[in-house]
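Working through the structure, step by step
Residue-level listing of the chains:
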Amino acid sequence: MYREIFVPVDNSQHSDWAVDRAIEMCRKTGGRITGNHVYAARLHDVRFRQLETGLPAQFQTPEEIKKQRKIHDKLIEKGLQLIADSFLDQLGKRCESAGVPLTRQLLEGINYEEIVNEVNRGAGRLPGLIGFDPNRAAGYDGGDKVRSDVKLGENGRLVAEDEDSAARLVGSSGRQYDLLAIGAHGLGRQPLSQLGGVVARVLRDIEKDVLIVRDQQPLTGGRLMVCVDGSSYSYKAMKAGLELAQEFGGSLFVCSAFDVEYHHVVFHNIKDVLSYQASKVFKFEEQEELHNNIIDKGLLKLCQANLKRAEVMAQQYPDVPIKTQILIGKPFQVIMQWAEEIKPTLLVLGRHGAHRIENTELGSQSENLLRLAPCSVLLVGVVGVRPEDIPWIEEDGQAGLPWAPEAEVRILRVPPFAQGIARRAVEEYLLERVGNAGPPPTVTNKWLDEAIQKLLPTHMQLIMGIGSAEEIALAEVKATEQMKATKVQGHDADPEPATPEVETKCPVTGAVSRRPRVATDPIVWTEEGWQRLQLVPLIARPLARNTVERFARHHSIWRVTTSVMDDNKQAMIAADEFDVDTMMVMFTELRAKQIRAEAEGKDALSPELRAFIEEAKAQGITRCPIRDIEAKMDKCPVDMKTVTPEEAKRAVEKLLQ
């Protein structure tokens with residue numbers, strides 16, 4: 001539980017509610033509150049200097065300007081300290097009446113920066129106090145250093161005193177905090193604002209737990225709602241929810257959400273635009289069944305396991321009533337809908353989820369809920385999160401089916417980061433065919449071939465290395481031939497001509513001339529762009545090239561540089577489409593995670609990594625080269641609906657050359 005609670009105050013209503021919740025917690029735990037207000041004397045100093053040009057002429061001399069700066073700096077700083085002191089006076093009275101110890105604290109600087117530095121490391125900038133009574137100053141962090149008050153000269157005017165700049169700051173507190181309790185809005189709240197400006201910025205950088213208070217509902221006897229997704233972050237949130245529910249006599253509502261509608265929308269959108277021939281090549285029915293059998297069912301099983309782990313944790317808190325619920329839909333949306341139904345007092349979230357990418361500050365689902373939730377939110381931080389803290393359940397110990405040696409050799413061709421889900425998909429396919437009666441069946445080459453043909457389209461078999469050696473070799477030869485048509489010329493640093501031109505050669509005389517480029521001329525790749533393209537696996541390289549060139553033509557770009565490739569990747573991500581290059585980068589990140597997990601002796605396919613792999617595979621499968629197929633179908637020399645199978649085969653072979 002929380003014993004050291006940091007509470008910024010600004011005399012707003014939400015700030016007062018945050019104080020109430022902090023006092024409520026400290027009375028239960030015997031903890032202490034550090035009441036804080038940040039003022040920005042430096043900001044006023046800069047603004048005053050910007051206004052100096054408007055002063056009357058008699059104040060424009062260098063000596064007078066220097067004098068006015070000193071007087072202004074000290075007066076403004078003292079005024080801000082007195083205002084902050086009055087805010088903390090109100091907090092002091094409430095803590096005293098509740099019997100909760102309080103440490104008063106002033107920080108000087110930009111408010112959100114100082115709050116983040118103080119909460120994370122105890123490194124906020126403590127100012128020297130101006131003109132405070134030493135006895136009163138003793139109640140402040142760093143209050144043992146009191147500076148002289150403003151002085152009047154014999155003529156009754158303020159004296160511009162010289163003061164050592166080091167005297168303004170007296171160091172930092174070095175405190176270790178458990179929780180930041182802060183109001184969702186401040187004094188500047190507007191009718192349509194979802195979060196206050198300071199809160200929104202602070203949330204992104206705080207490593208500790210953060211309580212964002214939206215209303216005056218007490219925690220005692222409340223209804224706490226926790227969201228779990230299989231990640232260690234969510235189970236740390238689950239533990240916090242259980243501890244709070246037990247301490248305050250509350251009940252716990254636990255949910256896990258997954259979204260299947262997106263994949264269905266994508267498939268039906270593709271189905272509407274596919275020609276008859278393209279739909280046969282794409283194997284639409286098989287692809288849709290793949291998602292129903294693997295993606296939808298797999299996500300459902302993940303959610304069931306997520307909640308089972310939460311129930312295992314709850315067994316250690318027998319006095320806490322718990323209800324679990326699987327939610328189907330966009331996570332933040334369905335969580336909001338369930339919150340409307342159960343009316344929670346507090347929503348408890350992990351800062352990140354199972355799909356966290358390194359160096360991100362806040363998960364997208366958590367950010368949406370922080371902004372939209374109708375109740376107070378406890379955002380559980382990343383400090384102390386360990387993958388091994390994910391509760392163990394029986395399913396974690398289930399062994400897979402035995403594999404025949406020849407099938408084992410073939411499945412090992414799958415990149416290590418995807419082997420787990422590939423094995424599971426094949427094993428589940430086999431179990432559906434033979435049932436669970438009797439001894440466990442063995443995965444043979446026959447079953448592996450049947451599962452591959454049923455579950456994966458041909459190009460994905462080749463990209464993932466599961467196809468036969470002959471198929472892979474043929475695909476690489478064809479890819480090499482296709483890449484020969486790529487035109488490589490110049491470098492990224494070459495200046496772009498005002499009028500791009502191309503060389504043309506007379507087929508009769510062989511004379512070479514130049515003419516302005518037209519839209520149908522081939523796209524030119526720079527040497528640097530071409531080298532980056534080589535990083536894509538050979539089988540997938542033509543698809544990656546076509547994707548980039550299509551992007552270039554759409555944006556009237558005739559030369560592909562590395563910056564154009566970066567722009568294409570960002571555009572594809574923004575449109576929720578993954579080109580092969582992007583997919584391979586994501587797979588590389590997954591592989592790095594697995595290597596780290598293996599090095600630490602952990603399960604390489606943890607629930608967090610398993611969920612990430614499933615999503616990566618799903619996105620890869622749905623990004624088939626439909627547009628390329630349709631374009632080629634228009635050039636097919638025969639009508640696929642009327643020819644014999646032999647003629648169709650010859651036509652398709654010619655089409656693929």
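Quantities reported herein were computed from a predicted structural model and do not represent experimental measurements.

If you tally the helices and strands in the protein chain, you get 24 helices and 17 strands. The burial tally for the protein chain puts 48% of its 657 residues in the buried class. When contacts within the protein chain are restricted to residue pairs at least 6 apart in sequence, those whose partners lie at least 24 apart make up 74%. Accessible surface computed for the protein chain: about 32,700 Å², of which carbon and sulfur atoms make up 53%.

A separate point is the side chain of E427. Structurally, E427 is set in helix α14 (residues 416-434). When its relative accessible area of 12% is taken as the criterion, E427 is described as buried. Among the polar contacts listed, one links the side chain of E427 to the side chain of W403, at a separation of 2.9 Å. Leaving out residues up to four positions away in the same chain, E427 has contacts with G400, L401, W403 and V443.

Further remarks concern the packing of aromatic side chains. Taken as a whole and assessed by the stated rule, the structure comprises three aromatic pairs. Note on F132 and Y140: the rings are 5.9 Å apart at their centroids and 85 degrees apart in plane angle, and the pair reads as edge-to-face. A residue is classified by how much of its surface remains accessible, and Y140, at 5% relative accessible area, is buried. On the numbers, 6.1 Å between centres and 75 degrees between planes, the contact of F253 with W338 is edge-to-face. Residue F253 is located in strand β9 (residues 251-258), and its partner W338 is located in helix α11 (residues 331-342); the two are separated by 85 residues in the primary sequence.

Turning to the environment of L299, a few remarks are in order. Here L299 shows up in helix α10 (residues 284-314). The sequence separation of L299 and I328 amounts to 29 residues, and the corresponding C-alpha distance is 9.9 Å.

Quick look at unusual backbone geometry now. In this structure, K343 takes a positive phi of about 55 degrees despite not being glycine. When you line up the elements, K343 lands in the loop between α11 and β11 (346-350). When its relative accessible area of 52% is taken as the criterion, K343 is described as exposed.

Next up on the list: the sheet that holds strand β16 (residues 524-525). Pairing between the strands of a sheet comes from backbone hydrogen bonds, and it takes one of two forms, parallel or antiparallel. Spatial ordering of the open sheet is given by β13-β16-β17, a layout of three strands whose pairing is parallel. Looking along the sheet, the strands with just one partner apiece sit at the ends: β13 (487-488) and β17 (559-560). Summarising the sheet, β16 and β17 pair through two bridges and their orientation is parallel. Of the residues in β17, the one forming a bridge with W525 is V560.

For helix α12 (residues 364-372), the complete set of buried residues consists of S366, L369 and L370. Along the axis of α12, the buried positions cluster into a sector of 105 degrees, meaning they face one direction only. Those residues of α12 that are buried are in contact with α6 (197-205), β7 (209-213), α11, β11 and β12 (376-380).

Summing up the model confidence of the protein chain, the mean pLDDT is 78 and the portion of residues at 70 or higher is 73%. For residues 575-595, every residue scores under 50 in pLDDT, and the model assigns this stretch 44 contacts once sequence neighbours within four places are set aside. Confidence drops under a pLDDT of 50 for residues 616-633, and excluding neighbours within four residues, the segment shows 47 contacts in the predicted structure.

Turning next to the pattern of salt bridges. Taken as a whole, this structure holds 24 salt bridges when the rule is applied. A salt bridge links D209 to K236; the shortest N-O distance between them is 3.6 Å. Separated by 27 residues along the polypeptide, D209 in strand β7 and K236 in helix α7 (residues 232-248) bring together distant segments of the chain. Each of D85, D89, R104 and R136 takes part in a single network of salt bridges with overlapping partners.

Turning to the pairing of strand β15 (residues 512-516), a few remarks are in order. Relative to β15, strand β14 (residues 501-505) runs antiparallel, the two being bridged by five bridges. Following the sheet pairing, T504 is matched in β15 by S513. In sequence, β14 turns back onto β15 through a hairpin of six residues, with G510 there showing a positive phi of about 80 degrees.

The contact between helix α1 (residues 13-29) and helix α3 (residues 62-98) brings their axes to 11 Å, and the two run at 30 degrees. Comparing the axis directions of α1 and α3 gives the class roughly parallel. In the crossing of α1 with α3, the sense of the turn from one axis to the other is right-handed. Contact residues: D16, V19, D20, I23 and R27 in α1; L91, R94, C95 and A98 in α3. The residue makeup of the contact of α1 with α3, split by class, is five nonpolar, no polar and four charged.

Further remarks concern the side chain of S231. Checked against the element boundaries, S231 lands in the loop between β8 (223-227) and α7. Taking the relative accessible area as the measure of exposure, S231 reaches 0% and is therefore buried. If we ignore the near neighbours within four places in the chain, the residues touching S231 are H352, G353, A354 and I390.

A separate point is the packing of helix α4 (residues 111-121) against α6. The angle between the axes and the distance between the axes are what describe a pair of packed helices. Following both chains from N to C, one finds α4 and α6 inclined at 35 degrees, their axes separated by 9 Å at the closest point. Here α4 runs over α6; the crossing is right-handed. Taken together, the residues of α6 that come into contact with α4 (itself represented by N111, Y112, I115, V116 and N120) are V198, R201, V202 and D205. Looking at the contact of α4 with α6 residue by residue, the classes come out as five nonpolar, two polar and two charged.

The 10 strands lie next to each other as β3-β2-β1-β6-β7-β12-β11-β8-β9-β10, forming an open sheet whose pairing is mixed. A single partner strand is all that each edge strand has here, and the edge strands are β3 (102-108) and β10 (322-328). Averaged over all pairs of adjacent strands, the angle between strand axes in this sheet comes to 20 degrees, irrespective of strand direction. In terms of strand pairing, strand β1 (residues 4-8) meets strand β2 (residues 32-39) through five bridges, oriented parallel. Bridging across to β2, V7 finds its partner in G35. Seen against the sheet, α7 touches β7, β8, β9, β10, β11 and β12 and runs at an angle of roughly 170 degrees to β8. Contacting β8, β9 and β10, α11 crosses the sheet at an angle of about 150 degrees to β9.

This brings us to the environment of V320. Structurally, the position occupied by V320 is in the loop between α10 and β10. Judged by its relative accessible area of 6%, V320 falls in the buried class. Each C-alpha atom, one on V320 and one on L244, is 9.7 Å from the other, the two residues being 76 residues apart in sequence. Not counting the four nearest positions on each side in its chain, V320 is found in contact with L242, A245, Q246, G250 and L252.

About the thresholds
What you see as residue numbers is a count from 1 along each chain, following the sequence as written. It should be noted that, the model being predicted, local features are given only for residues of pLDDT at least 70 and side-chain atom pairs only at 80 or more, the latter also being counted only at that level, while totals for whole chains, interfaces and linings use all residues. Heavy atoms throughout the structure, all of them, feed into the side-chain values; hydrogens and water do not. The helix and strand labels rest on DSSP assignments: H or I over at least four residues marks a helix, E over at least two residues marks a strand, and numbering proceeds from the N terminus. For every residue, the accessible area (1.4 Å probe, protein chains only) is compared with the maximum for its type, and the residue is labelled buried under 20%, exposed over 50%, or partly exposed between those bounds. By the convention used here, residues are in contact when the closest approach between their heavy atoms is within 4.5 Å. All accessibility values rest on the Shrake-Rupley procedure with a 1.4 Å probe; residue burial counts only the protein chains present in the view. Counted as a polar contact is a pair of N or O atoms within 3.5 Å, where, for protein atoms, one must be capable of donating a hydrogen and the other of accepting one, and residues adjacent in sequence contribute only when both atoms are in side chains. Between 30 and 60 degrees the pair is tilted, below 30 it is stacked and above 60 it is edge-to-face, where a pair is any two Phe, Tyr or Trp rings, Trp via its six-membered ring, whose centres lie within 6.5 Å. Strand pairing is assigned whenever DSSP identifies at least 2 bridges connecting the two strands. In this context, the arc is that of the directions from the helix axis out to the C-beta atoms. pLDDT measures the predictor's confidence residue by residue and takes values from 0 up to 100. Each salt bridge in this description consists of a side-chain nitrogen of Lys or Arg and a carboxyl oxygen of Asp or Glu lying within 4 Å of one another. Here an angle of 0 to 180 degrees is reported between the N-to-C directions of two axes, which are lines fitted to C-alpha atoms, with helices fitted over the stretch in contact. For classification purposes, an angle smaller than 35 degrees is called roughly parallel, one larger than 145 roughly antiparallel, one from 65 to 115 roughly perpendicular, and anything else oblique. In this scheme, a crossing is called left-handed if the near helix is turned counterclockwise away from the far one by less than a right angle; it is called right-handed if the turn is clockwise. Residue classes follow a fixed rule: Ala, Val, Leu, Ile, Met, Phe, Trp, Tyr, Cys and Pro count as nonpolar, while Asp, Glu, Lys and Arg count as charged, and any other residue, Gly among them, counts as polar.

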